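# Structural overview
Read off the chains here:
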Amino acid sequence: MSTPDAAYSGYPPLRPRVSVEELLAAKNTQPIRSLDDLAADTFESDEELEEFLAFTYAERHRDVA
């Protein structure tokens, strides 16, 4: 039987406080300047997008009666 470490409090160790600006600088992020910055070609076709939207709508309303 082992004894617990006296310094261990049972909680995760505290992280140093870092500001949002410091976090953003560390990741070299840039501000969003337009909606084009957020654009992504997620779906290969309009049909694939429509299937996804229909599935999402059906799942959200599945248990609503």
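Just so you know, these numbers come straight off a predicted model, no measurement behind them.

The rules we used
Residues numbered from 1 in each chain as written. Predicted model: local features only at pLDDT ≥ 70, side-chain atom pairs only at ≥ 80, totals over all residues. Heavy atoms only, no water. Helix = DSSP H or I, 4+ residues; strand = E, 2+ residues; numbered from the N terminus. Areas by Shrake-Rupley, 256 points an atom, 1.4 Å probe, with all protein chains shown as cover. Salt bridge = Lys/Arg side-chain N within 4 Å of Asp/Glu carboxyl O. Buried < 20%, exposed > 50% of the residue type's maximum accessible area, 1.4 Å probe, protein only. Patch = residues over 30% accessible without salt bridge, like charges linked within 9 Å, V, L, I, M, F, W, Y side chains within 5 Å. Lys, Arg positive; Asp, Glu negative; His and termini not counted. Charge placed at Lys NZ, Arg CZ, Asp CG, Glu CD. Polar contact = N/O pair within 3.5 Å; in protein donor to acceptor, adjacent residues only side chain to side chain.

### Focus on the overall build of the protein chain
- A count of helices and strands for the protein chain gives two helices and zero strands.
- Summing over all exposed atoms, the protein chain offers an accessible surface of approximately 7200 Å²; the carbon and sulfur share of this is 56%.

### A closer look at the pattern of salt bridges
- Per the counting criterion, the structure on display carries one salt bridge.
- In this structure, Glu59 engages Arg62 in a salt bridge whose closest nitrogen and oxygen atoms are separated by 3.3 Å.
- Using a relative accessible area of 35% as the deciding quantity, one classes Glu59 as partly exposed.

### A word on a nonpolar patch on the surface
- Side chains of Ile32, Leu35 and Leu38 sit close together on the surface and give an oily, nonpolar patch of about 370 Å² of accessible area.
- The residue Leu35 is located in the loop between helix H1 (20-26) and helix H2 (46-60) in this model.
- For Leu35, a relative accessible area of 72% gives the class exposed.

### Comments concerning a negative patch on the surface
- A cluster of acidic side chains, namely Glu44, Asp46, Glu47, Glu48, Glu50 and Glu51, defines a negative patch on the protein surface.
- Topologically, Glu51 is positioned in helix H2.

### Focus: unusual backbone geometry
- Positive phi, normally seen in glycine, also occurs at Asn28, with a value near 55°.
- One can find Asn28 in the loop between H1 and H2.

### Some remarks on the environment of Ser45
- With respect to the helices and strands, Ser45 occurs in the loop between H1 and H2.
- A distance of 3.1 Å separates a polar side-chain atom of Ser45 from the backbone nitrogen of Glu48.

Purely spatial values, then, with no claim about function.
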